[in-house]
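Chain by chain, the residues:
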Amino acid sequence: MEKCIFCRIAEGDIPCAALTESERVISFLDINPVNHGHALVVPKVHVESLTEALSQDLQESVLTVQKVARACVEVTGAEGFNVLQNNGRCSGQEVPHLHFHVIPRWAGDGFSLGWRQGRYKDAEMEDLRRRIAGKLRRV
Ligand code: 5GP
Ligand code: ZN
């Protein structure tokens, strides 16, 4: 099967604007930034989704997100940042290899997540809580 673009970057087959690299995790600037300093943190082992990640890869990825966020905010002078992580095409994931976005933010920068928040009807919330909590007790 053809390797995905982030596997090829992790293996050094395709160049990237690298920020950090370890045995497990690489971080680099996004080629089409939402804002300047938009970075990606990518565990090298190919999995598509957060739910499939190896625990050690995930731990190091999250610590790398924190380090990259500190550096990107300091260097760009951002007022804040978003950490985004998409899973599945329906969520906006275009590259099917687990990655975290670190996006420097400024007030009025024009980027919006467009959240559309709803409400639960009657017992829906308690029903969902019970089913999800039950599932979590079995993991
Ligand atoms: P997704 O929509 O999958 O969460 O985000 C994928 C991100 O990867 C996009 O923001 C896109 O700009 C970035 N991207 C795709 N191909 C490349 C590439 O070859 N190099 C770099 N640096 N970023 C890429
Ligand atoms: Zn991959």
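That block above? That's the structure.
## Quick word on the pattern of salt bridges
- If you walk through the whole model with that rule in mind, you get seven salt bridges.
- For Arg105, the salt bridge goes to Asp109, with nearest N and O atoms at 2.7 Å.
- When its relative accessible area of 19% is taken as the criterion, Arg105 is described as buried.
- Residue classification places Asp109 among the partly exposed positions, given a relative accessible area of 23%.
- Ionic pairing is found between Asp127 and Arg130, a salt bridge with its closest N-O pair at 2.8 Å. One end of the pair, Asp127, and the other, Arg130, are both in helix α3 (residues 124-137), three residues apart, so they sit about a helical turn from each other.
- Put simply, Asp127, Arg130 and Arg131 are held in one network by salt bridges that share partners.

## Considerations on the site of ligand 1
- Taken together, the neighbourhood of ligand 1 is formed by 16 residues, with Asp30, Gly92, Glu94, His99 and His101 sitting nearest.
- Here an oxygen atom of ligand 1 sits 2.8 Å away from a polar atom, N or O, in the main chain of Gly92.
- Residue His99 places a side-chain N or O atom 2.8 Å away from an oxygen atom belonging to ligand 1.
- For ligand 1, whose unbound accessible area comes to 520 Å², protein coverage reaches 84%.
- Mapped onto the shell around ligand 1, the elements with two or more residues apiece are α1 (5-10) and β2 (25-29).
- The residue inventory of the shell around ligand 1, partitioned by class, reads eight nonpolar, six polar and two charged.

## Quick look at the coordination of the zinc ion (ligand 2)
- Bound to the zinc ion (ligand 2) are the protein donor atoms Cys4 (SG), Cys7 (SG), His46 (ND1) and His97 (ND1), situated 2.0 to 2.3 Å from the metal.
- Site description for the zinc ion (ligand 2): donor spacing in sequence, C-x2-C-x38-H-x50-H. In this pair, His46 sits in the loop between β3 (39-43) and α2 (55-76) while His97 sits in the loop between β4 (80-84) and β5 (100-105), placing the two residues 51 residues apart along the sequence.

Procedures and definitions
Here, residues in each chain are numbered from 1, in the same order as that chain's written sequence. Naming scheme: in the order in which they are written, chains are lettered from A and ligands are numbered from 1. Only residues with pLDDT of 70 or above have their local features reported here, since the model is predicted, and side-chain atom pairs are shown and tallied only from 80 upward, although totals for entire chains, interfaces and linings are computed over all residues. The basis for the side-chain values is all heavy atoms of the structure; hydrogens and waters are excluded. By salt bridge we mean one thing: a side-chain nitrogen of Lys or Arg within 4 Å of a carboxyl oxygen of Asp or Glu. Only protein chains enter the area calculation, which uses a 1.4 Å probe; residues under 20% of their type maximum are buried, those over 50% are exposed, and those in between are partly exposed. Working definition: helices are DSSP H or I runs of at least four residues, strands are E runs of at least two. Numbering for both runs from the N terminus. Note on terminology: near, applied to a residue and a molecule or strand, indicates that one of the residue's heavy atoms is within 4 Å of it. Polar contact criterion, stated in full: a pair of N or O atoms within 3.5 Å, where within protein one must be able to donate a hydrogen and the other to accept it, and residues adjacent in sequence count only if both atoms are side-chain atoms. Only the protein chains shown count as cover for residues, and all accessible areas are computed by the Shrake-Rupley method using a 1.4 Å probe. Each residue gets one of three labels, nonpolar for Ala, Val, Leu, Ile, Met, Phe, Trp, Tyr, Cys and Pro, charged for Asp, Glu, Lys and Arg, and polar for the others, Gly among them. Counted as donors are the N, O and S atoms within 2.8 Å of the metal, or 3.2 Å for Na, K and Ca, while water is not among the atoms, so some sites may look incomplete.

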